[in-house]
Amino acid sequence: MSKFAGGLDTGTAKGLSGGMGLLSTVLDFMGSNQQAEGYRQVGIDKAESYEDLAAQYEDRSGYHIPSAQRKAGEMRRVSDIAMSDAKASFKGGAGDPSSVKWLAKAQTQGAYGAALQMFAGKQLERDDKIRAHYSRAAGERARIAGEMKAGAAKTSAFAGLLKGMGKAVTLAEKYNNTIPDASGPYGAYGGDEAYDFLEY
């Protein structure tokens, strides 16, 4: 069996090469798993961000109706004052046909303006609730996308690990698991202490 300049025969060198390849494969697998967790965390962070936005929309939606009620009440109050002043100024009296017509129109306009304020408030409330709903939906999509990307990364990493292990096993079988022992010039490569670093 041929030997390299350092004293290792070809089989031993191939065995060591397979071992180093397996170690590289394991390290790649661990790195890919960490990357997968990163994808998952990105999805979670986005989902939380969208949830915060949805909460803001919901909080804001609760202010629209009270605000509209105040505006509507103010419009009715102004309309009532205007009508009261108009009644006092009518020369023919409030019972005059033209006066009655004007008062009816003014009252209708005041009620219509108040109703518009309430409608606008309800519409704003509805819009913000819809925004909150779609924000949560977007957050859920982001979370699912993170999970799927993480799952794909882990699947790919596991496939790479199996492929790397398969190559290492093939080399070991081909070269009869030839690994230097403690009697070799490079120390106890085959001893358990050679793998102590994996515990840290």
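Structure: see above.
Cut-off values and rules
Residues numbered from 1 in each chain as written. Predicted model: local features only at pLDDT ≥ 70, side-chain atom pairs only at ≥ 80, totals over all residues. Heavy atoms only, no water. Helix = DSSP H or I, 4+ residues; strand = E, 2+ residues; numbered from the N terminus. Buried < 20%, exposed > 50% of the residue type's maximum accessible area, 1.4 Å probe, protein only. Contact = heavy atoms within 4.5 Å. Areas by Shrake-Rupley, 256 points an atom, 1.4 Å probe, with all protein chains shown as cover. Core = buried A, V, L, I, M, F, W, Y, C linked by side-chain atoms within 4.5 Å. Salt bridge = Lys/Arg side-chain N within 4 Å of Asp/Glu carboxyl O.

Examining the overall build of the chain
When helices and strands are tallied, the chain shows two helices and zero strands. Here the chain holds 200 residues, and the buried ones make up 22% of them. Contacts in the chain between residues far apart in sequence, at least 24 positions, make up 74% of those at least 6 positions apart. When the accessible surface of the chain is summed, it comes to about 13,800 Å², and 58% of that surface belongs to carbon and sulfur atoms.

With respect to the environment of Ala47
Mapped onto the elements of the fold, Ala47 is located in helix α1 (residues 10-89). The spatial distance from the C-alpha of Ala47 to the C-alpha of Gly139 is 3.8 Å, given a sequence separation of 92 residues. Once residues within four sequence positions are removed from consideration, Ala47 is found in contact with Gly139, Ala142 and Arg143.

Brief notes about the nonpolar core
The biggest cluster of nonpolar side chains holds five residues, and these are Ile65, Ala68, Ala72, Ala114 and Met118. Residue assignment for this core shows that the elements contributing at least two residues are α1 and α2 (97-174). When residues in this core are grouped by element, the largest group, three residues, is from α1. Beyond its immediate chain neighbours, meaning those up to four positions away, Ala72 contacts Ala114, Gln117 and Met118.

Here we look at the pattern of salt bridges
Evaluated as defined, the whole model comprises 11 salt bridges. Measuring nitrogen to oxygen at the nearest pair gives 2.9 Å for the salt bridge that ties Glu51 to Arg136. Here Glu51 is found in helix α1, whereas its partner Arg136 is found in helix α2, with 85 residues between them in sequence. Notably, a salt bridge pairs Arg126 with Asp127, separated by 3.9 Å at the nearest N-O pair. When its relative accessible area of 23% is taken as the criterion, Asp127 is described as partly exposed. When salt bridges with common partners are traced through the structure, they connect Glu37, Arg40, Glu147 and Lys154 into a single cluster.

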